[in-house]
Amino acid sequence: MKIVSVVGARPNFMKIAPFIRAVEAHNQSLAGSGAPGIRHLLVHTGQHYDDNMSRAFFEALDIPEADINLGIGSGSHAEQVGLTMIAFEKVVRQERPDWVVVVGDVNATCACSITAKKEHVRLAHIEAGLRSRDMTMPEEVNRLVTDRLSDLLFTPDRLSGENLRAEGVPEDRIRFVGNIMIDTLEAQREKAAALDVADIVNRNRMGGGGLGAVPDPGQGFSLLTLHRPSNVDDPAILGAIVDFLTNELTRELTLLWTVHPRTEKQLRRFGLWDRVAAARNMVLLTPLGYHELLRLNMDAAMVLTDSGGLQEECCVLGTPCLTLRWNTERPVTLREHGGASVLVGNDVDRIRKTCREMLQRGRTPARPELWDGKTAARIVTALAGD
Ligand code: UD1
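Throughout, residues of each chain are indexed from 1 in the direction in which the sequence is written. It should be noted that, the model being predicted, local features are given only for residues of pLDDT at least 70 and side-chain atom pairs only at 80 or more, the latter also being counted only at that level, while totals for whole chains, interfaces and linings use all residues. In computing side-chain properties, one takes all heavy atoms of the structure into account and sets aside hydrogens as well as water.

Colleague: Help me understand the overall build of the protein in this model?
Modeller: Broken down by element type, the protein carries 16 helices and 13 strands. Reported as C-alpha extents along the three principal axes, the dimensions of the protein are approximately 65 × 40 × 40 Å. When accessible area is computed with a 1.4 Å probe and restricted to protein chains, residues below 20% of their type maximum are described as buried, those above 50% as exposed, and intermediate ones as partly exposed. Residues classed as buried in the protein amount to 59% of the 386 residues present. Between two residues, a contact is recorded if the distance between any of their heavy atoms is within 4.5 Å. Look at the contacts in the protein between residues 6 or more apart in sequence, and 70% of them connect residues 24 or more apart. Methods summary: accessible areas were calculated by the Shrake-Rupley approach with a probe of 1.4 Å, and residue burial reflects only the protein chains presented. Element-wise, carbon and sulfur atoms account for 50% of the exposed surface of the protein, whose accessible area totals about 15700 Å². Two residue types count as positive, namely Lys and Arg, and two as negative, namely Asp and Glu; His and chain ends fall outside the count. Throughout, a charge is located at the NZ atom of Lys, the CZ atom of Arg, the CG atom of Asp or the CD atom of Glu. Charged side chains of the protein number 45 positive and 50 negative; the gap between the two group centres comes to 1 Å. Helix and strand assignments follow DSSP, with helices taken as H or I runs no shorter than four residues and strands as E runs no shorter than two, numbered in order from the N terminus.

Colleague: I keep staring at the site of the ligand and nothing clicks. Help me out?
Modeller: Residues are labelled near a given molecule or strand when at least one of their non-hydrogen atoms is within 4 Å of it. Near the ligand lie 20 residues; those nearest to it are Q47, H48, N107, E139 and H227. Contacts described as polar in this section are N or O atom pairs within 3.5 Å, which, within protein, must combine one atom able to donate a hydrogen with one able to accept it, while residues neighboring in sequence count only if both atoms come from side chains. Separating an oxygen atom of the ligand from a side-chain N or O atom of Q80 is a distance of 3.4 Å. At a separation of 3.0 Å, an oxygen atom of the ligand approaches a polar side-chain atom of H260. Alone, the ligand offers 740 Å² of accessible surface; in the complex the protein occludes 89% of this. Elements represented by at least two residues in the shell around the ligand include exactly α1 (10–30), α3 (77–95), α5 (138–149) and α11 (261–269). The element that contributes the greatest number of residues to the shell around the ligand is α11, accounting for three residues. Among the residues making up the shell around the ligand, the classes are represented as six nonpolar, eight polar and six charged. For this scheme, ten residues count as nonpolar: Ala, Val, Leu, Ile, Met, Phe, Trp, Tyr, Cys and Pro. Four count as charged, namely Asp, Glu, Lys and Arg, and the remainder, Gly too, count as polar.

Colleague: Just to check I follow, could you spell out the pairing of strand β11 (residues 302–305) for this structure?
Modeller: Where a strand is regular, its side chains alternate between the two sheet faces. Alternating residues of β11 divide into M302 and L304 and V303 and T305, and every residue in both groups is buried. DSSP bridges decide pairing: two strands pair if at least two such bridges lie between them. Where strand β8 (residues 221–225) lies against β11, four bridges are found, and the strand directions are parallel. Residue pairing in the sheet places T225 in a bridge with T305 of β11. Judged from the three bridges that link them, β11 and strand β12 (residues 321–323) form a sheet pairing that is parallel. Bridged to L304 within β12 is L322. With the strands aimed away from the viewer, a crossover counts as right-handed if its path from the first strand over the helix to the second runs clockwise. You can see the chain leave β11, run along helix α14 (residues 308–317) and come back into β12, and the turn it takes is right-handed.

Colleague: It is not clear to me how helix α6 (residues 158–166) should be interpreted in this structure. Could you clarify?
Modeller: Every α-helix winds through 3.6 residues per turn, so residues three or four apart in the chain are directed the same way. Within α6, burial applies to S160, G161, N163 and L164. Angular distribution of buried residues about the axis of α6 spans 155°; they occupy a single face of the element. Tucked inside the fold, the buried residues of α6 contact α5, β6 (152–155) and β7 (174–176). The opening residue of α6, the one whose side-chain oxygen lies 3.2 Å from the backbone nitrogen of L159, is D157. Just downstream of α6 lies G168, where phi reads positive at about 90°. What the arc measures is the spread of directions leading from the helix axis to the C-beta atoms.

Rendered as structure tokens:
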């Protein structure tokens, strides 16, 4: 059997690493039996290309170099999706795989799903069934298209399966396998725990970014990531968030802010960069490696984020998490479902009130069903048996 799997952007890399390892384990288990095993090819669309957004993750997570890099790079949605489809079609025509496997919900996921189906190749989606029901999110469009086209839909939780059933997806296509990102978390948490927080901050501090001191061990800090267009593309919204961070949040706690390239670009464009760079008690960090971010999350008193993956990691680590969005496609991570996160959108009053509440709360780790580090093995077993 031949499988082509696809990655494009940062959150894909943590999801493909365990899949590749599980394919290798499957092939090893067949060694000597005469059975053919799985031939696997990895395609990187090149949507993310900076070393600290891509190569660093391949190295840290021991992902073999991609067999093919499509080199798509940045652009509008139509540019990214269109160029990826054109380039990926050539790969599919040449390789004629039995399966194309896509992960997550980025533009690479959607583009390669459409291409695979138009080439009559079976499609499997890892992390299927998530729904924010917010059609202004590009990822929601990507999720709907990908799931509608997929032959096998691997879901991370039971709510995702219910979403798919409600949309009429036949039962035999839905496989509840758990959350593959947690495979990576479990495989890497020891290595992350061995890192030193002060060392991470010193090594990744942006030149001229923030005047905060490195937090002492045991002293609390909050951790921020922000990159959604809904938060960073509107100057009024980004400005209000920056006001809150610089005038209020940093009075109580040191803030470590790992700045996404899109966000840096917008802060500079809206004239906000000098303010954050001069803010007391705030340290601006470059995009961090997998282990570095996980290590900071392990010690953070509180995380503020609009990332999907971080909500899930906070859930398992128990870090109080303010999700800077009005909705989430990952409701199992919410407090009402036993998780660690609260939706606060970008309403500063709500953020302020919830911050206070969250800081009084200790860590409450949660483990949703099948978030057990064995998801990738279940997926490969299902693909090999189909
Ligand atoms: C993409 C995903 C989003 C995911 C995020 C994680 C889509 C629609 N969005 O958003 O779901 O949460 O990745 O990071 O697929 N840039 C660089 N270097 C890079 C990559 C990007 O500087 O290596 C800058 C460019 O200015 C680019 C901007 O970031 O235009 C946005 O990149 P893009 O891939 O379009 O979307 P993200 O915001 O990263």
